[in-house]
Amino acid sequence: LCYLNFFYLLLTSSLSLLSPIGHGNHNEDSPFLNSADAACKKNDFYDRNLALFEEELDIRPKVSSLLSRLVNYTSITQGAKEHEEEESTEASRRKTPKSPNMGTLMGVYLPCLQNIFGVILFLRLTWIVGMAGIMQSLLIVLMCCSCTMLTAISMSAIATNGVVPAGGAYFMISRSLGPEFGGAVGLCFYLGTTFASAMYILGAIEIFLVSIILLYPLGSDSAMLNNMRVYGSICLTLMAVVVFVGVKYVNKLASLFLACVIISIVSIYAGAIKSMTHPPEFSICMLGNRTLVRDRFDVCAKTVTEGNITVPSQLWHSFCLAENMSSAQCDDYFIQNNVTEIQGIPGLGSGIVRENMWSNYQQKGEILEKAGLHSVDAHGITDNFGMYVSADIATSFTLLVGIFFPSATGIMAGSNRSGDLRDAQKSIPVGTILAITTTSLVYFTSVILFGSCIEGVVLRDKFGDAVRKNLVVGTLSWPSPWVIVIGSFFSTVGAGLQSLTGAPRLLQAIAKDNIIPFLRVFGHGKTNGEPTWALLLTGLIAELGILIASLDMVAPILSMFFLMCYLFVNLACAVQTLLRTPNWRPRFKYYHWALSFLGMSMCLALMFISSWYYAIVAMGIAGMIYKYIEYQGYVWSPMSI
């Protein structure tokens, strides 16, 4: 036996000496024609043989590699790709498991950017600036972005503490504070994501009805709400079918949705710069100091000249009952005040910034008026109220905070796909904080540009009635308002699809953890793992948001759930830091328990500032979930750590 071992070692050493001499990694290709492994190795060597050092390739990727990654960019959460590959069993058998290879740019920064930018930027930020003024709008942006930045610092500390778990906020909290807190936070995050899909759908339908097909009803609140419900339900059904059929379709459109967001934002900046010398032509028709609905008449004048005869205009017929020029049956306010036109987009150098600096909150039904224009106070006919642009809801600082905060959410996109990252402990903190910094700068500069370029009555015109149903932010864009209309529509549709894709998977992860017994059924799905039952429940909850039929009412609801989630993330980091547990050794060093405590306090303050009764309801839901998990007892079997 000893002799046999000796000859075996001698034979193997001789064969190793006869092998080709080289650098040890790049051997001759396999003689078989269909050798996928050999081709991959050859391509890998070809990609790397132009770099002086291997580290240089990671820091300075080639242009071709960067373009390839941009083309193949996807914002789908982790797990969706695996479900897509399982769609074809034959392909999944041949495919070998790939190691995580996504970097900071593709894996964290761009998904966070796409999730943070959304419907509020295009549909409500101009209105917020008009109502709150530049100073208070900057304060709103500062409060919301500071809250998410502090939460991102706490999240980075948790995410870099050992092996980064897949599953985002739910797994981070459940492994830090226990399954009770994890279940409460996970369901809050799930409900927030589900209502976010409803908000995006309502935003897309608002753009579709108001600015694309001009079907938005005038002067009829009930008809408006019913249109939003009907079209929103149809859109939700179509999106749910797309997600059910396969996430590969959502995956393929991810690059298009991201491009729409970036192009739309660039067009806003280009239009603001162009307005310094050539402001766009959007005239606003004013009666006295009151703003008129521009698409109700053709000429902004009381009379028009046809041939050599002066005849009443369409505007005259709207305020007067007589067919001739007699004023006996005319509205008193119409008779005693002049009709004038003002520039809706005066431009960056017009000095309009002084008028838009301070707040101008309004009550429901209050007519939009421009201070400084001469007006004779006279009693008007109630039937003519529909001719004026008026406020549809009562506004206040606290209401605007709740409406704006969803535009600062989406910071969990990087941690949700941590299993796809090459170096999650480096990519998550860097990518998330850079994304929040970028979006915060865009919001701050947008507030200043909107207040410096656009007339105040146009800013306060939520639905663009004074500018012929154009999106207000679209009137500033260059080269055409349609850039914003089309870009914002596709970006909101894409954001809705992503929410409908991510929310069911989060619910499925909670159900598979077996901490909430009545959710076990939602852990099952199709043979490839697609969360069918979770998608059904997500669609039903999103339909509740659609039936509310108001983006301004849905936004504070999802703000509560996201703020609850962020509150627990900050709490987890603060508790772990103060207790100094042996397993608490984050790789991310730029954190402190005081920052986490400040972030937790800001989350709690924003909840009560936005809506104290919504805050109590959200905290009650989280408390009931916590006590239910604690009371039931649990058989905790995490699906993956």
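Residue positions within a chain follow its written sequence, with the count starting from 1. Local features are withheld for residues below a pLDDT of 70 in this predicted model, meaning they are given only at 70 or higher, and side-chain atom pairs are given and counted only at 80 or more; totals for whole chains, interfaces and linings count all residues. Calculated side-chain values reflect all of the structure's heavy atoms, with hydrogen atoms and water omitted.

Where helices and strands are cited, they refer to DSSP runs of H or I of at least four residues and of E of at least two residues respectively, numbered from the N terminus. Secondary structure assignment for the chain yields 26 helices and five strands. Within the chain, the fraction of its 641 residues that count as buried is 51%. When checking whether two residues touch, look at their non-hydrogen atoms; a contact exists if any pair is within 4.5 Å. Pairs at least 24 apart in sequence give 81% of the contacts found in the chain among residues at least 6 apart. Just so you have it, the chain exposes about 30,100 Å², and 63% of that area is on carbon and sulfur atoms. Here the term buried applies to any residue with accessible area under 20% of the maximum for its type, exposed to any over 50%, and partly exposed to those in between, with areas from a 1.4 Å probe on protein chains only. Where accessible areas are quoted, they stem from the Shrake-Rupley method and a 1.4 Å probe; at the residue level, only the protein chains shown are allowed to cover.

Just to be clear on terms, a salt bridge is a Lys or Arg side-chain nitrogen sitting within 4 Å of an Asp or Glu carboxyl oxygen. Here the structure, examined in full by the defined rule, presents 10 salt bridges. Taking the shortest distance from any N to any O, the salt bridge between Glu206 and Arg124 comes out at 3.0 Å. With a gap of 82 residues between them, Glu206 in helix α11 (residues 179–212) and Arg124 in the loop between α8 (119–123) and α9 (125–159) connect regions that are remote in the sequence. Between Lys462 and Asp392 there is a salt bridge; the shortest N-O distance is 3.1 Å. Taken together, the residues span a long stretch of sequence, with Lys462 in the loop between α20 (456–459) and α21 (472–476) and Asp392 in the loop between β5 (339–343) and α17 (397–404) at a distance of 70 residues. Overall, the relative accessible area of 10% leaves Lys462 in the buried class. By relative accessible area, Asp392 is classed as partly exposed at 27%.

Should DSSP find at least two bridges between two strands, the strands are regarded as paired. Spatial ordering of the open sheet is given by β2-β1-β5, a layout of three strands whose pairing is antiparallel. The open sheet is flanked by β2 (290–291) and β5, the only strands paired with a single partner. Bridging between strand β1 (residues 283–287) and β2 involves two bridges; their strand directions are antiparallel. Note that in β2 the partner of Leu287 across the bridge is Arg290.

Along an α-helix, residues three or four positions apart point the same way, because every turn accommodates 3.6 residues. One fewer than the residue count of a helix, multiplied by 1.5 Å, yields its expected span. The end-to-end C-alpha distance of α9, which contains 35 residues, comes to just 32 Å, noticeably less than the 51 Å that a straight helix rising 1.5 Å per residue would cover. For α9, the principal kink sits at Gly133 and spans about 115°. The element α9 is extensively covered by neighbouring structure, given that 28 of its 35 residues are classed as buried. Bend, at a single residue, is the angle you get between axes fitted to the 7 residues ending at that residue and the 7 residues starting at it.

Moving on, we get to the state of the cysteines. We call a pair of cysteine sulfur atoms a disulfide whenever their separation is within 2.5 Å. Tallied over the full model, the rule gives two disulfides. Bridging Cys285 to Cys300, the disulfide has an S-S length of 2.0 Å. Judged by the torsion about the S-S bond (85°), the Cys285/Cys300 disulfide is right-handed. Of this pair, Cys285 sits in strand β1 while Cys300 sits in the loop between β2 and β3 (303–306), and the two are 15 residues apart along the sequence. As far as the burial class goes, Cys285 and Cys300 line up, both buried.

A few words now on the environment of Leu449. By the element assignment, Leu449 lies in helix α19 (residues 424–453). Judged by relative accessible area, which is 15%, Leu449 ranks as buried. Contacts of Leu449, omitting those with residues within four sequence positions, involve Tyr269, Ala272 and Leu348.

With that out of the way, let us pick up unusual backbone geometry. Excluding glycine, a negative phi dihedral is what most residues carry, and trans is how most peptide bonds are arranged. With an omega of 10°, the peptide bond between Trp478 and Pro479 qualifies as cis. Secondary-structure assignment places Pro479 in the loop between α21 and α22 (481–512). Positive phi, normally seen in glycine, also occurs at Asn514, with a value near 65°. Note on placement: Asn514 falls in the loop between α22 and α23 (532–548).

Quick look at the packing of aromatic side chains now. Two rings from Phe, Tyr or Trp (for Trp, the six-membered ring) form a pair when their centres sit within 6.5 Å of each other. Planes less than 30 degrees apart are called stacked, planes more than 60 degrees apart edge-to-face, and all others tilted. Following the criterion strictly, the structure yields 20 aromatic pairs and no others. On the basis of an interplanar angle of 5° and a centroid distance of 4.8 Å, the ring pair of Phe319 and Phe334 is categorised as stacked. Of this pair, Phe319 sits in helix α15 (residues 314–319) while Phe334 sits in helix α16 (residues 332–336), and the two are 15 residues apart along the sequence. Judged by relative accessible area, which is 0%, Phe334 ranks as buried. Members of the aromatic cluster, each reached through a chain of ring pairs, are Trp316, Phe319, Tyr333, Phe334 and Tyr388. For a ring to carry a charge above it, either NZ of a lysine or CZ of an arginine must fall within 6 Å of the ring centroid while also lying within 35 degrees of the normal to the ring plane. Looking at Arg290, its charged tip hangs above the ring of Tyr333, at a distance of 3.8 Å from the centre. Positioned above the aromatic ring of Trp127 is the side chain of Lys462, whose terminal nitrogen or guanidinium carbon lies 4.2 Å from the ring centre.

Surface patches are defined over residues having more than 30% relative accessible area and no salt bridge, joining like charges when they lie within 9 Å and nonpolar side chains (Val, Leu, Ile, Met, Phe, Trp, Tyr) when within 5 Å. On the surface, Ile212, Ile213, Leu253, Leu256, Trp482, Ile486 and Phe490 cluster together into a nonpolar patch covering about 580 Å² of accessible area. Among the elements that make up the nonpolar patch, the one with the highest residue count is α22 (three residues). By secondary structure assignment, the location of Leu253 is in the loop between α13 (247–252) and α14 (254–274). Residue class for Leu253 comes out partly exposed when judged on its relative accessible area of 36%.

Residue placement: Ser446 occurs in helix α19. At 2.6 Å, the side chain of Ser446 and the backbone oxygen of Val442 are in polar contact. Discounting residues that sit within four places of it in the chain, Ser446 has contacts with Leu121, Leu125 and Tyr269. N or O atoms closer than or at 3.5 Å make up a polar contact, with two conditions inside protein: a donor-capable atom paired with an acceptor-capable one, and, for residues adjacent in sequence, both atoms drawn from side chains.

As a further point, take the environment of Cys573. One can find Cys573 in helix α24 (residues 551–579). The residues touching Cys573, leaving out its near neighbours within four places in the chain, are Ser154, Ala157, Ile158, Trp584, Tyr591 and Ser596.

This part takes up the nonpolar core. Residues belong to a common nonpolar core when they are buried Ala, Val, Leu, Ile, Met, Phe, Trp, Tyr or Cys residues joined through side-chain atoms within 4.5 Å. Membership of the largest hydrophobic core comes to 159 residues, with the highest contact counts inside it found for Met199, Phe404, Met412, Tyr443 and Ile454. Filtering out sequence-adjacent residues up to four positions away, Ile454 remains in contact with Gly344, Ile345, Pro346, Ile352, Asn356, Leu459, Val472 and Leu476.

Time to look at the packing of α11 against α22. A fitted line through C-alpha atoms represents every axis, and for helices the fit uses only the stretch in contact; the resulting angles, taken between N-to-C directions, go from 0 to 180 degrees. For the pair α11 and α22, the least separation of the axes is 8 Å and the interaxial angle reads 155°. If you check the angle between α11 and α22, you find them roughly antiparallel. Crossing hand, α11 versus α22: left-handed. Every angle not falling under 35 degrees, over 145, or within 65 to 115 is termed oblique; those three ranges are roughly parallel, roughly antiparallel and roughly perpendicular. Crossings are sorted by hand: turned counterclockwise from the far helix by less than a right angle, the near helix makes the crossing left-handed, and turned clockwise it makes it right-handed.

This paragraph deals with the confidence of the model for the chain. Values of pLDDT, the confidence the predictor places in each residue, fall between 0 and 100. Model confidence for the chain is summarised by a mean pLDDT of 81, while 78% of its residues fall at 70 or above. Predicted confidence is poor over residues 6–64, with pLDDT under 50, and the contacts of this stretch with residues over four places away or in other chains come to 11 contacts. Throughout residues 636–641 the model reports pLDDT below 50, and contacts reaching past four residues in sequence, or to other chains, amount to 17 contacts.

Attention now goes to the pairing of strand β4 (residues 309–312). Here four bridges tie β3 to β4, and the two strands are oriented antiparallel to one another. Looking at β4, one finds that Glu306 is bridged to Ile309. A loop of two residues connects β3 with β4, the two strands running antiparallel in sequence, and Gly307 in this loop sits at a positive phi of about 70°.

Below, the discussion takes up the side chain of Thr126. Its place among the elements puts Thr126 in helix α9. Of the residues examined, Thr126 reaches a relative accessible area of 4% and is grouped as buried. Apart from the residues within four sequence positions on either side, Thr126 is in contact with Phe450, Leu459, Val472 and Val473.

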